[in-house]
Amino acid sequence: MEVLDIIKPENQVFCKSKLMTDNTLSYCPGCGHGTAHNLAMEVIDELGIVEDTIGVAPVGCSVFAYEFMNIDMTQAAHGRAPAVATAISRTWPEKYVFTYQGDGDLAAIGTAETIHACNRGENIVIIFVNNGIYGMTGGQMAPTTLPGMKTSTSPYGREIESMGSPLKITELVANLPGTYYVTRQSVHTHKHARKTKKAIKTAFENTRLKKGVSFIEIVSNCNSGWKMNPNESNKWMEEHMFPYYPLGDIKVKGELK
Amino acid sequence: MPELKLMKGNEALAEAIIRAGADAYFGYPITPQSEIIEYLMTERPEERTGMVVLQAESEVAAINMVYGAASTGKKVITSSSSPGISLKLEGVSYLAGAELPAVIVNVVRGGPGLGTIQPSQADYYQAVKGGGHGDYKLYVLAPSSAQEMSDFVQDAFEIAFKYRNPVMILSDGLIGQMMEKVELREQLPRLTNQELIKRYGDWATTGKKGRERNIVTSLDLLSERMEARVRRLMKKYERMENEDLRYETFNCDDAEYLLVAYGSSARIAQKAMQLGREKGLKIGLLRPITLFPFPKKQINALADQISGILSVELNTGQMIDDVRLAAEHKVPVEHFGRTGGVIHTPEEILEALEQKIIKNGSIRYNKTRESSIL
């Protein structure tokens, strides 16, 4: 069988979501952001809620999320997406509002907005992509950078004594009464991507049921920032990131696992 | 019959927010303006009009909530006082950059730093000269009475939506805390979501329905496009100057000396003018009601007729820069003002006018004349 015989619509198992634009992704080849974007758009499309969905883009690598997600979007100041989403959700309670944020945005500069939006139980979805580094600005240390991990601002490795420990903000928000669903997933294999998609779907369904915050952490790679090729970075992620940031549900239907 | 009430300036403003048909207020308590959020919480506007009131975790969160609601076309307002406004300015710059309508109230207190909780006008530069980063301007309204605290809310919203630009109501602790008779405006209805989409559907992010998606952002990495965006903003500001300048004058027709003052200082300067007139001094008063746009031409025209100007401000001299630019050195322009929360008396203002302008003014005036002839 020739390759061209295989490439037929009936054999297609994966394609770009209709809600992704044709703009070329600004992400590095091998980065998890593209998959995470696509999964979110697939879910919004499949749930048929695009007309009632408003997304909030962060500052960081995904600052241009609105270039790729073909939905109504507002771009927020660094770290403030949960505050922006709070107001949209409060003034449009019938809408689906989500933020898409990185670790620097959500867990450093935006910690207060994250904690308080979660604590108030705003009826929003937070998609949090954690790659342990500041990708956009060129690979500086993030709040989630692992101990000993080298970045441009921790060139000799993150020293816990002087730089603090990586922040497990997902566990932190899971302990707040306002969060209803908190999970940690990844998108580096088909199996993991499918699980993440299911999680995102659950999250938007929770919004429909007005359940409060659904918080999905996606542990992802940053091959450029980590100075590895995509395969190496995924392997490194499994070996180093997952032990510190274990995958799985942390809080389901308001109950800690 | 108009509805009359004795109210604090802050309360008058809060009541006006509900009556202007606002959709949301987001704020964080700070003296001397906490009555605004307290009044709103007590009034249950969610029952009166369906308006949302939320106490944010910080001024930073509050202004970004304003940004969120404004990006969907909602009529949204926040209030704070000087240190809190400093925190909000990043968000204000984003509002201007993303061309969003919103109203920000600053009930100014003395600074810098934590400063004092007493009235001040030391945030003039911050309000009028940008404050936040980038090339932008706010339309700035300066109320000088509880009545104007009430009236300017609706006016501010109208300007904010006319230009899709943030508007600041620059008040101070004196106007905010003072109780006066206020004639309340009629309750305006809030827009329904359908009405809102019809009116602002070409830019607001309300959900992509029957149209291309809308994007609200202040980001443009292509410098030529960013420059074009800034030029577009400048066109708006030019239009504000041509169409929406506000000021008032008192006794300027025969005036030999001019006081320029806004807000609470204008109230005190009015009394100083009266005292001076009783002594036979021909004093006039120009009160800028908008600080941007600024009554440049009006001051310039008056400078042909008078022999000196005293800029009266509760600070060490900020608006005086704009007065001087407007007067183009035709006459001496001096500043008088107390600061740090101290409020000047009418007598002090009159004395300053006599000392700084009337006594010395004519000499410098003649000098200027000569040099302009040469």
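Numbering of residues begins from 1 in every chain and follows the order in which that chain's sequence is written. The order in which chains are written sets their letters, starting at A; the order in which ligands are written sets their numbers, starting at 1. Only residues with pLDDT of at least 70 get local features here, since the model is predicted, and only at 80 or more are side-chain atom pairs given and counted; chain-wide, interface and lining totals rely on the full set of residues.

So, the overall build of chain A
Line of reasoning, step 1. Secondary structure elements follow DSSP: runs of H or I of four or more residues count as helices, runs of E of two or more count as strands, with numbering from the N terminus. Of regular secondary structure, chain A possesses eleven helices and ten strands.
Line of reasoning, step 2. Throughout, radius of gyration means the C-alpha value; the globule benchmark is 2.2 Å times the number of residues raised to the power 0.38. In terms of C-alpha radius of gyration, chain A reaches 18 Å, essentially the compact-globule figure of 18 Å for 257 residues.
Line of reasoning, step 3. In terms of overall dimensions, chain A has a C-alpha envelope of 55 × 55 × 35 Å along the principal axes.
Line of reasoning, step 4. Burial status across chain A gives 55% buried among its 257 residues.
Line of reasoning, step 5. For chain A, contacts bridging at least 24 residues in sequence account for 67% of all contacts bridging at least 6. Our exposure labels follow a C-beta count within 10 Å of each residue's own C-beta, placed from the backbone: buried means 20 or more other C-beta atoms, exposed means 12 or fewer, and partly exposed covers the counts in between. Contact definition: two residues whose C-beta atoms, as placed from backbone geometry, lie within 7 Å.

Looking at the overall build of chain B
Line of reasoning, step 1. Along chain B, the regular secondary structure elements total 14 helices and 15 strands.
Line of reasoning, step 2. Relative to the globule expectation of 21 Å for 374 residues, the C-alpha radius of gyration of chain B, 21 Å, shows essentially globular dimensions.
Line of reasoning, step 3. Taken over the C-alpha atoms alone, chain B extends approximately 70 × 50 × 40 Å along its principal axes.
Line of reasoning, step 4. Residue burial in chain B is summarised as follows: out of 374 residues, 55% are buried.

Things to note about the confidence of the model for chain B
Residue and element names in this part refer to chain B.
Line of reasoning, step 1. Per-residue pLDDT for chain B has a mean of 95; in total, 96% of the residues score no lower than 70.
Line of reasoning, step 2. Note that pLDDT drops below 50 for residues 362-374; the model gives that stretch nine contacts with residues more than four away or on any other chain.
Line of reasoning, step 3. Prediction confidence for the complex, expressed as pTM and ipTM, is 0.95 and 0.95 respectively. Summary of the metric used: pLDDT quantifies the predictor's per-residue confidence within the range 0 to 100.

Observations regarding the packing of helix H1 (residues 9-19) of chain B against helix H2 (residues 34-43) of chain B
All names here are of chain B.
Line of reasoning, step 1. Fitted lines through C-alpha atoms serve as axes, helices being fitted only where they are in contact, and the angles separating the N-to-C directions of these axes extend from 0 to 180 degrees. One way to put it is that H1 packs onto H2 with a least axis distance of 8 Å and a crossing angle of 45 degrees. Judged on the interaxial angle alone, H2 and H1 are oblique. When the axes of H1 and H2 are compared, the crossing they make is right-handed. Only Glu35, Ile36, Tyr39, Leu40 and Glu43 of H2 make contact with H1, whose side of the interface consists of Asn10, Glu11, Leu13, Ala14, Glu15, Ile17 and Ile18. Every angle not falling under 35 degrees, over 145, or within 65 to 115 is termed oblique; those three ranges are roughly parallel, roughly antiparallel and roughly perpendicular. Should the near helix be turned counterclockwise from the far one by less than a right angle, the crossing is left-handed, whereas a clockwise turn marks it as right-handed.

Looking at the sheet that holds strand S1 (residues 53-57) of chain A
Line of reasoning, step 1. Read across the sheet, nine strands follow the order S10(A)-S9(A)-S7(A)-S8(A)-S4(A)-S3(A)-S1(A)-S2(A)-S9(B) without closing on themselves; strand pairing throughout is mixed. If you trace the sheet from one side to the other, it starts and ends with strand S10 (255-256) of chain A together with strand S9 (215-216) of chain B, each paired once.
Line of reasoning, step 2. Two strands qualify as a pair provided DSSP detects at least 2 bridges between them. Relative to strand S8 (residues 213-219) of chain A, strand S7 (residues 179-186) of chain A is paired through seven bridges, and the arrangement is parallel. Counterpart to A:Tyr181 in the pairing with S8(A) is A:Ser214.
Line of reasoning, step 3. Each of strand S3 (96-102), strand S4 (125-130), S7 and S8 of chain A touches helix H9 (residues 190-208) of chain A; the most contacted strand, S7(A), lies at about 165 degrees to it.

Topic: the interface of chain A and chain B
Line of reasoning, step 1. Across the contact, 29 residues belong to chain A and 33 residues belong to chain B.
Line of reasoning, step 2. Polarity classes work like this: nonpolar for Ala, Val, Leu, Ile, Met, Phe, Trp, Tyr, Cys and Pro, charged for Asp, Glu, Lys and Arg, and polar for all others, with Gly in that last group. Of the residues in the side of chain A that touches chain B, the class split is 15 nonpolar, seven polar and seven charged.
Line of reasoning, step 3. Note that strand S2 (residues 72-75) of chain A and S9(B) share two bridges and pair parallel. Bridge pairing in S9(B) links A:Thr74 to B:Val216.

Focus on unusual backbone geometry
Residues and elements named next belong to chain B.
Line of reasoning, step 1. Looking along the chain, the bond that leaves Thr31 and enters Pro32 is cis, with omega of 5 degrees.
Line of reasoning, step 2. A cis amide bond links Gly111 with the next residue in sequence, Pro112, at an omega value of 5 degrees.
Line of reasoning, step 3. Relative to the helices and strands, Pro112 is located in the loop between strand S5 (102-108) and helix H6 (124-128).
Line of reasoning, step 4. Within the chain, Glu99 stands out as a residue other than glycine whose phi angle is a positive 55 degrees.
Line of reasoning, step 5. On the basis of neighbour count, Glu99 is assigned to the buried category, with 20 C-beta atoms found within 10 Å.
Line of reasoning, step 6. Within the chain, His329 stands out as a residue other than glycine whose phi angle is a positive 60 degrees.
Line of reasoning, step 7. With respect to the helices and strands, His329 occurs in the loop between helix H13 (319-327) and strand S15 (333-336).

Section: the domain arrangement of chain B
Residues and elements named next belong to chain B.
Line of reasoning, step 1. For each domain, the first and last residues come from an automatic or database assignment. Considered domain by domain, chain B is made up of domain 1 (3-202 + 230-242) and domain 2 (247-373).
Line of reasoning, step 2. Domain 1 puts 26 residues into the contact, and the matching count from domain 2 is 22 residues.
Line of reasoning, step 3. Elements with a minimum of two residues in the side of domain 1 that touches domain 2: H6, strand S6 (139-141), strand S7 (166-172), helix H8 (173-177) and helix H10 (223-243).
Line of reasoning, step 4. Per element, the largest residue contribution to the side of domain 1 that touches domain 2 is four residues, and it comes from H6.
Line of reasoning, step 5. Partitioned by chemical class, the residues of the side of domain 1 that touches domain 2 number 16 nonpolar, seven polar and three charged.

Re the pairing of S5(B)
Residues and elements named next belong to chain B.
Line of reasoning, step 1. Most of S5 is tucked away, with seven of its seven residues classed as buried.
Line of reasoning, step 2. Side chains Ala102, Ile104, Asn106 and Val108 project from S5 onto one buried face, and the interleaved Val103, Val105 and Val107 project onto a second face that is buried too.
Line of reasoning, step 3. The sheet contact formed by strand S4 (residues 76-80) and S5 spans four bridges and is parallel. Bridge pairing links Ser80 to Asn106 in S5.
Line of reasoning, step 4. Pairing analysis gives seven bridges linking S5 to S7, with the strands arranged parallel. Paired with Val107 across the bridge in S7 is Ser171.

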